[in-house]
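An overview of the molecular structure
These are the residues of each chain, in order.
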Amino acid sequence: MEPVFRTLEIAAKAVVKVLGSQITYQGLENIPQTGGAVIALNHTSYVDWLFAGLAVLQRGRRIRYMIKAEMQQVKVVDYLIKHTKTIPVNRAAGSQAYAVAVQRLRDGEAVGIMPEATISRSFELKEFKTGAARMALEAQVPIVPMIVWGAQRIWTKDRPKSLGHKKIPITVAVGSILPAEGDVDELTTALRDAMTSLLHRVQREYPHPRGAYWVPRRLGGGAPSLDEAAELEAQEAAARAAGRESEPGEKA
């Protein structure tokens, strides 16, 4: 039953009701109702996980997400992580989390992962990490491609949150499963190709006002281009590195 997870599911539905979001689900039949599966979703916002989780719930299942280990520093979040089989990932030493994820897949769980690793400021798909493919191949379970679109209008990087009764439409589209075949690079490429096709189809069906900050440049929006987004990420990484280097001197 997992009472903590059940409480979260009830809370998630309440949040969506407060937001007034109309969620359109597509391709839910592609989510296996039993057995291990890697759920691979795009990453445009801080709330993608919410809508992806609700999609999987429609099939009577729960996602065991992989999450940054830093989130355990927040006591409430740490409690939820420990009681929902969420998998904390230490980016400096991720082998333990990887092993836990593979075992969860072998145990028949659905493990959620964002192959881009960080939010895409351009709202296009970034380059993929290979973790989803490696886990699927090792556990011999399929990968389920998933796209969440519209969530970037609620809460994304570099923009204020847009909470309240905004009635922002959200689309969650699920593509055909990818069997655990080929090598890691081949499967990663196949996954990115499948998610790109799915993303572009969803975007064609979703209204995109010209110049809006949440609309990709390719579609006439005001979002950074892929190159501009990459430069912003490089600056962000440099700032983090500089901060880490300055810490010992500051403490002294």
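Structure shown above.
Presented here is an overview of the structure given in this document. (Residues numbered from 1 in each chain as written. Predicted model: local features only at pLDDT ≥ 70, side-chain atom pairs only at ≥ 80, totals over all residues. Heavy atoms only, no water.)

Next up on the list: the packing of aromatic side chains. Across all of its chains, the model carries 2 aromatic pairs by this definition. Measuring from centroid to centroid gives 4.9 Å for Tyr 46 and Trp 155, while their planes differ by 45°, and the two rings are tilted. Residue Tyr 46 is found in the loop between strand 2 (37-41) and helix 2 (48-57), and its partner Trp 155 is found in the loop between strand 6 (143-149) and strand 7 (170-174); the two are separated by 109 residues along the sequence. Taking relative accessible area as the criterion, Tyr 46 reaches 37% and is therefore assigned partly exposed. Consider the rings of Tyr 206 and Trp 214, whose centres lie 5.9 Å apart with planes at 80°: the pair is edge-to-face. Given a relative accessible area of 6%, Tyr 206 falls into the buried group. Residue class for Trp 214 comes out buried when judged on its relative accessible area of 6%. Its guanidinium or amino end placed over the ring of Trp 155, Lys 161 lies 4.7 Å from that ring's centre, counting from NZ or CZ. When the ring centre of Phe 128 is taken as origin, the NZ or CZ atom of Arg 192, which lies over that ring, is 5.7 Å away. (Phe/Tyr/Trp six-rings, centres within 6.5 Å; stacked < 30°, edge-to-face > 60°. Helix = DSSP H or I, 4+ residues; strand = E, 2+ residues; numbered from the N terminus. Buried < 20%, exposed > 50% of the residue type's maximum accessible area, 1.4 Å probe, protein only. Lys NZ or Arg CZ within 6 Å of the ring centre and 35° of its normal.)

With that out of the way, let us pick up the packing of helix 4 (residues 95-106) against helix 5 (residues 131-139). Viewed as axis vectors pointing N to C, helix 4 and helix 5 meet at an angle of 50°, and their least axial separation amounts to 9 Å. When the axes of helix 4 and helix 5 are compared, the pair comes out oblique. Helix-helix and strand crossings are classified by hand; for helix 4 and helix 5 the assignment is right-handed. Taking contact as the criterion, the partners of Tyr 98, Ala 101, Val 102, Leu 105 and Arg 106 in helix 4 are, on helix 5, Gly 131, Arg 134, Met 135, Glu 138 and Ala 139. For the contact of helix 4 with helix 5, the per-class residue count stands at 6 nonpolar, 1 polar and 3 charged. (Axes fitted to C-alpha atoms, helices over the stretch in contact; angles between N-to-C directions. Parallel < 35°, antiparallel > 145°, perpendicular 65-115°, else oblique. Left-handed = near helix turned anticlockwise from the far one by under 90°. Contact = heavy atoms within 4.5 Å. Nonpolar A, V, L, I, M, F, W, Y, C, P; charged D, E, K, R; others polar.)

What tends to happen in soluble globular proteins is that the nonpolar side chains get buried as a cluster. Phe 51, Met 146 and Ile 170 are the most contacted members of the largest nonpolar core, which totals 67 residues. Apart from residues no more than four positions distant in its own chain, Phe 51 is found in contact with Val 16, Ile 23, Tyr 25, Val 148, Ala 151, Ile 154, Ile 170 and Val 172. (Core = buried A, V, L, I, M, F, W, Y, C linked by side-chain atoms within 4.5 Å.)

As a further point, take the environment of Val 172. Within the secondary structure, Val 172 is located in strand 7. Put simply, Val 172 and Met 146 are 26 residues apart on the chain and 7.1 Å apart in space, counted from C-alpha to C-alpha.

Next up on the list: the sheet that holds strand 2. For sheets, the rule is that strands pair by backbone hydrogen bonds, running either parallel or antiparallel. Strand order in the open sheet made by the 7 strands is 1-7-6-2-5-3-4, with mixed pairing throughout. A single partner strand is all that each edge strand has here, and the edge strands are strand 1 (23-26) and strand 4 (87-89). Here the average twist between neighbouring strands, direction ignored, is 25°. Pairing geometry for strand 6 and strand 7, over 4 bridges, is antiparallel. Residue pairing for strand 7: Trp 149 is matched across the bridge by Thr 171. (Pairing = 2+ DSSP bridges.)

What follows is about the pairing of strand 6. For strand 6, the tally of buried residues reaches 7 of 7 residues, placing the bulk of the element in the interior. Covered by surrounding structure in strand 6 are Ile 143, Pro 145, Ile 147 and Trp 149 together with Val 144, Met 146 and Val 148, the residues of both alternating faces. Across 4 bridges, the pairing between strand 2 and strand 6 is parallel. When the sheet's bridge partners are listed, Ile 39 is paired in strand 6 with Val 144.

Considering all chains together, one arrives at 15 salt bridges under this definition. Between Glu 9 and Arg 62 there is a salt bridge; the shortest N-O distance is 2.7 Å. In this pair, Glu 9 is assigned in helix 1 (residues 3-19) and Arg 62 in the loop between helix 2 and strand 3 (63-68), connecting sequence segments 53 residues apart. Across the pair, Arg 62 and Glu 9 agree in class, each one buried. Of the charged contacts in the structure, one is a salt bridge between Lys 82 and Asp 78, with a shortest N-O distance of 3.2 Å. (Salt bridge = Lys/Arg side-chain N within 4 Å of Asp/Glu carboxyl O.)

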